[in-house]
Amino acid sequence: MPTPIVLNQPQPKHSPLEDVQGFAISLVTTAIGLSIIAQLGFITGQTAGLALVISYLTGWSFSWVFWLINLPFYALAWTRMGREFTLKSIACVTILSLLMALIPNWLSFDHINPLFGIITFGILTGYGLLGTFRHKGSLGGLGVVALYAQEHLGVRAGLVQLAFDAVLFAVAFTLFEPSRVLYSLLGALILSAVITFNHRHDRYIAD
């Protein structure tokens with residue numbers, strides 16, 4: 001008879017090689033998802049969504065805006081989440097910013113159905129974020145706050161992100177066409193649902 005798994009016992013840590021491959025898959029997946037909505041002219045929630053809004057309104061590069069927005073959150077990450085988490089988050093944000101600058105040279109879309117595109121974005125980016133969480137990192141910004149709330153306050157990370165998204169989208173309705181924002185809102189809801197239903201410590205085998 002198989003030995004039952006005790007979920008509250010210490011679990012083995014990921015090796016450096018496992019972290020590298022985990023982050024690589026997560027960041028490429030996330031970058032493709034973000035590239036899809038950038039091509040469609042949609043937005044999303046969290047700091048990436050804020051960066052997209054600023055990018056659309058100013059014409060500045062998303063990559064630089066996203067990287068700069070995340071800088072203030074690293075102090076919280078360092079003091080509350082630890083050195084390892086902070087350094088991994090800085091690396092993830094920097095690599096994602098670089099990928100977002102490079103992907104338009106590597107991948108283009110002649111046509112994307114808006115509904116399919118936004119659903120694909122929500123799924124790909126949701127699982128990309130989960131991958132960074134599972135390897136003790138984040139994509140900075142709100143992800144740091146959300147993980148801190150889950151780890152120390154018992155509030156689901158997805159719910160924290162959903163609250164921020166509600167404010168961001170309320171502002172977006174005053175700036176963009178309603179249809180554009182509604183499509184974007186669907187993608188953010190799918191992304192948050194993926195995280196809420198899957199980021200569960202009591203279901204992890206190794207973390």
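My aim in this report is to walk through the structure given alongside it, one point at a time. This is a predicted model, so every value here is computed, not measured. (Residues numbered from 1 in each chain as written. Predicted model: local features only at pLDDT ≥ 70, side-chain atom pairs only at ≥ 80, totals over all residues. Heavy atoms only, no water.)

**Points about the environment of Ser97**
- Residue position: Ser97 is located in helix 5 (residues 83–106).
- In the structure, Ser97 is positioned 66 residues away from Ala31 in sequence and 8.5 Å away in space, judged by C-alpha atoms.
- Not counting residues up to four positions away in its chain, the partners in contact with Ser97 are Ser63, Phe66 and Trp67. (Helix = DSSP H or I, 4+ residues; strand = E, 2+ residues; numbered from the N terminus. Contact = heavy atoms within 4.5 Å.)

**Details of the packing of helix 1 (residues 16–40) against helix 2 (residues 46–58)**
- Where helix 1 meets helix 2, the axes come as close as 12 Å, and the angle between the chain directions of the two elements is 35 degrees. In the packing of helix 1 onto helix 2, the handedness of the crossing is right-handed. For the pair formed by helix 1 and helix 2, the contact residues are Leu34, Ile37 and Ala38 on the first element and Ala48, Leu52 and Tyr56 on the second.
- The residue inventory of the contact of helix 1 with helix 2, partitioned by class, reads six nonpolar, no polar and no charged. (Axes fitted to C-alpha atoms, helices over the stretch in contact; angles between N-to-C directions. Left-handed = near helix turned anticlockwise from the far one by under 90°. Nonpolar A, V, L, I, M, F, W, Y, C, P; charged D, E, K, R; others polar.)

**A short note on helix 2**
- For helix 2, built from 13 residues, the straight-helix expectation of 18 Å at 1.5 Å per residue is met to within 8% by its first-to-last C-alpha distance of 19 Å.
- Immediately beyond the C-terminal end of helix 2, within one or two residues, lies Gly59, with a positive phi of roughly 85 degrees. (Expected span 1.5 Å × (residues − 1).)

**Section: the side chain of Ser26**
- Looking at where Ser26 falls in the secondary structure, it is placed in helix 1.
- Ser26 sits in the buried class, given a relative accessible area of 5%.
- Polar contacts involving the side chain of Ser26 include one to the main-chain carbonyl oxygen of Gly22, which spans 2.8 Å.
- Discounting chain neighbours no more than four positions away, the residues touching Ser26 are Gly128, Gly131 and Thr132. (Buried < 20%, exposed > 50% of the residue type's maximum accessible area, 1.4 Å probe, protein only. Polar contact = N/O pair within 3.5 Å; in protein donor to acceptor, adjacent residues only side chain to side chain.)

**Here's the deal with a nonpolar patch on the surface**
- On the surface, a cluster of nonpolar side chains totalling about 490 Å² of accessible area is made up of Leu115, Ile119, Ile123, Tyr127, Tyr183 and Leu186.
- Among the secondary structure elements, those contributing two or more residues to the nonpolar patch are helix 6 (114–134) and helix 9 (178–198).
- With four residues, the top contributor of residues to the nonpolar patch is helix 6.
- Assignment of secondary structure puts Tyr183 in helix 9. (Patch = residues over 30% accessible without salt bridge, like charges linked within 9 Å, V, L, I, M, F, W, Y side chains within 5 Å. Areas by Shrake-Rupley, 256 points an atom, 1.4 Å probe, with all protein chains shown as cover. Salt bridge = Lys/Arg side-chain N within 4 Å of Asp/Glu carboxyl O.)

**Details of the side chain of Ser89**
- You can see Ser89 is positioned in helix 5.
- In contact with Ser89, not counting residues within four places along its chain, are Tyr74, Gly137 and Ser138.

**So, the environment of His135**
- Structurally, the position occupied by His135 is in the loop between helix 6 and helix 7 (142–153).
- Judged by its relative accessible area of 7%, His135 falls in the buried class.
- Note: C-alpha distance between His135 and Phe85 (50 residues apart in sequence) is 8.9 Å.
- With sequence-adjacent residues up to four places away left out, His135 is seen in contact with His14, Glu18, Asp19, Gln21, Gly22, Phe23 and Lys88.

**Observations concerning the nonpolar core**
- Within the largest apolar cluster, 39 residues are counted, with the highest numbers of intra-cluster contacts made by Leu27, Leu34, Ile37, Ile43, Phe62, Phe66 and Leu96.
- Take this core: its biggest share by element is seven residues, from helix 5.
- Leave out the neighbours within four places in its chain, and Leu34 touches Thr44, Ala48, Phe62, Leu96, Met100, Phe121 and Thr125.
- Counting residues in each nonpolar core, the second largest holds five residues, with Leu142, Ala149, Ala157 and Val160 among its members. (Core = buried A, V, L, I, M, F, W, Y, C linked by side-chain atoms within 4.5 Å.)

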